[in-house]
Structure formats: C-alpha cells, structure tokens
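# Topology and contacts: notes
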Amino acid sequence: LAVVFVYAFFKFSWAYRLFNYGAILLGAVPPKGSDATPEQMLRAARKAAAMNIAAGSHFARGQRAFFFALAYLGWFVSPWVFMIATVLVFIVLLRRQFFSEARLALLNASDR
C-alpha cells in the first residue's frame, strides 16, 4: 500500500511540475500581431498543448493509483473483499472515464 501511495505522490508531483511548464510555455506563445510567423505561433501553441497533455496523463495515473489503493485496503479484510473492491473501482473508473456526462459534454463541444 505504501508503494502505491509513493507512486501516486510522484505522479502528482511530476504532473504539478509539468502543468507549471505548460503554463510557462503558454505564456511564451507569441501574441497575434507580433513579429512571429503563423508557423512559429502554431509550433509554440502545440508545445504548450503537448506539455499539458503529458501533465494530465501523469495526474490521471496518480488519481487511479489512489482509487486502486482504496480497493487494496480490502486486502486487510479478506482476499474476496479485495477482489470485489478492485472490480468496483474499475467499474467506477470505467464509467467516469468513458460513459460520463463530462465526456459527453466534451465530445459534443468538439462537434461545433
């Protein structure tokens, strides 16, 4: 359990750092009307976006580690509780990640 928490801590810490880098990169995107070419502006924006995606990925892994750590606590009760808790956490994460209203809202917003 301690290993899972350490893993989650490092994922969250790294995500925090990457989000800061992303904010710096976003601030470094040349504004419209500057001497930068559209290609330079696009390249800078893509770097900031890529950094944000990487940070979000690490953050999500840290969250999943915490969720599965809760299921792992079931091991202290019995192997059956551990297995049932793991399946329940998996189902909850599956629903929230792939079948949630938030995901649907994002998918519908990208169609506009």
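Residues numbered from 1 in each chain as written. Predicted model: local features only at pLDDT ≥ 70, side-chain atom pairs only at ≥ 80, totals over all residues. Heavy atoms only, no water.

### A closer look at the overall build of the protein
Our working definition: Numbering goes from the N terminus for both helices and strands, where a helix is a DSSP run of H or I of at least four residues and a strand is a run of E of at least two. The atom set for the radius of gyration is the C-alpha atoms, and the globule formula is 2.2 Å times the number of residues raised to the power 0.38.
Counting its regular elements, the protein contains 4 helices and 0 strands. Listing each helix as α and each strand as β along the protein from the N terminus yields α-α-α-α. Over its C-alpha trace the protein gives a radius of gyration of 19 Å, far above what one expects of a compact globule, namely 13 Å for 112 residues. The principal-axis extents of the C-alpha atoms in the protein amount to approximately 65 × 35 × 15 Å.

### What to know about the packing of aromatic side chains
Quick note on the threshold: The aromatic pairing rule takes the rings of Phe, Tyr and Trp, using the six-membered ring of Trp, and pairs them if the centres are within 6.5 Å, calling planes under 30 degrees apart stacked, those over 60 edge-to-face and the rest tilted. The cut-offs for exposure are 20% and 50% of the maximum accessible area for each residue type, with area from a 1.4 Å probe on protein chains only; residues under the lower value are buried, those over the upper are exposed, and the others partly exposed.
In this structure the tally under the stated criterion is 6 aromatic pairs. When the centroid spacing of 5.5 Å and the interplanar angle of 75 degrees are considered together, the rings of Phe9 and Phe10 count as edge-to-face. Overall, Phe10 belongs to the exposed group, its relative accessible area being 53%. Through a chain of ring-to-ring contacts, the aromatic side chains of Phe5, Phe12, Phe59 and Phe66 assemble into a single cluster.

### Let's talk about the packing of helix H1 (residues 2-27) against helix H2 (residues 38-72)
Where we set the bar: Axis lines are fitted to C-alpha atoms, over the contacting stretch for helices. Their N-to-C directions set the angle, which ranges from 0 to 180 degrees. Geometric relationships in this document are graded by angle, where less than 35 degrees denotes roughly parallel, more than 145 denotes roughly antiparallel, 65 to 115 denotes roughly perpendicular, and other angles denote oblique. We call a crossing left-handed when the near helix sits turned anticlockwise from the far one by less than a right angle, and right-handed when that turn is clockwise.
Packing of H1 against H2 leaves a shortest axis separation of 8 Å and a crossing angle of 160 degrees. Considered as vectors, H1 and H2 are oriented roughly antiparallel to each other. H1 and H2 meet at a crossing whose hand is left-handed.

### With respect to a nonpolar patch on the surface
This is how it is decided: Here the term patch refers to residues with relative accessible area over 30% and no salt bridge, with like charges joined within 9 Å and nonpolar side chains (Val, Leu, Ile, Met, Phe, Trp, Tyr) within 5 Å. Only the protein chains shown count as covering a residue, and every accessible area follows the Shrake-Rupley method with a 1.4 Å probe. Salt bridge criterion: a side-chain nitrogen from Lys or Arg within 4 Å of a carboxyl oxygen from Asp or Glu.
On the surface, Trp80, Met83, Ile84, Val87, Leu88, Phe90, Ile91, Leu94, Phe98 and Phe99 cluster together into a nonpolar patch covering about 1,100 Å² of accessible area. Residue placement: Phe90 occurs in helix H3 (residues 79-98).

### Details of the layout of surface pockets
Put simply, the rule reads: Cavities and pockets were defined on a 1 Å grid built from protein atoms only: a cavity is a group of points that admits a 1.4 Å probe but offers it no way out, a pocket is an open group of points flanked by protein on both sides within 12 Å along at least five of seven lines, and a lining residue is one with an atom within 4 Å of any such point. Grid points are joined across faces, edges and corners, and a volume is the space filled by probe spheres set on the points. Lys, Arg, Asp and Glu make up the charged group, whereas Ala, Val, Leu, Ile, Met, Phe, Trp, Tyr, Cys and Pro make up the nonpolar group; the residues left over, Gly among them, are polar.
Empty space within the largest pocket amounts to approximately 160 Å³. Along the walls of the largest pocket sit Ala60, Gln63, Arg64, Phe67, Leu93, Arg96 and Gln97, which together make up its complete lining. Those elements that provide at least two residues to the lining of the largest pocket are H2 and H3. If one sorts the elements of the lining of the largest pocket by residue count, H2 sits on top with 4 residues. Taken together, the residues that form the lining of the largest pocket break down as 3 nonpolar, 2 polar and 2 charged.

### Considering H3
Since there are 3.6 residues in each turn of an α-helix, residues three or four apart along the chain are aligned in direction. To be explicit about the condition: Expected span of a helix, by definition, is 1.5 Å for each gap between consecutive residues, and there is one gap fewer than residues. In this analysis, two residues are considered to be in contact whenever any of their non-hydrogen atoms come within 4.5 Å of each other.
For H3, with 20 residues, the first-to-last C-alpha span of 28 Å sits near the 28 Å given by 1.5 Å per residue. Close packing links the buried residues of H3 with H2.

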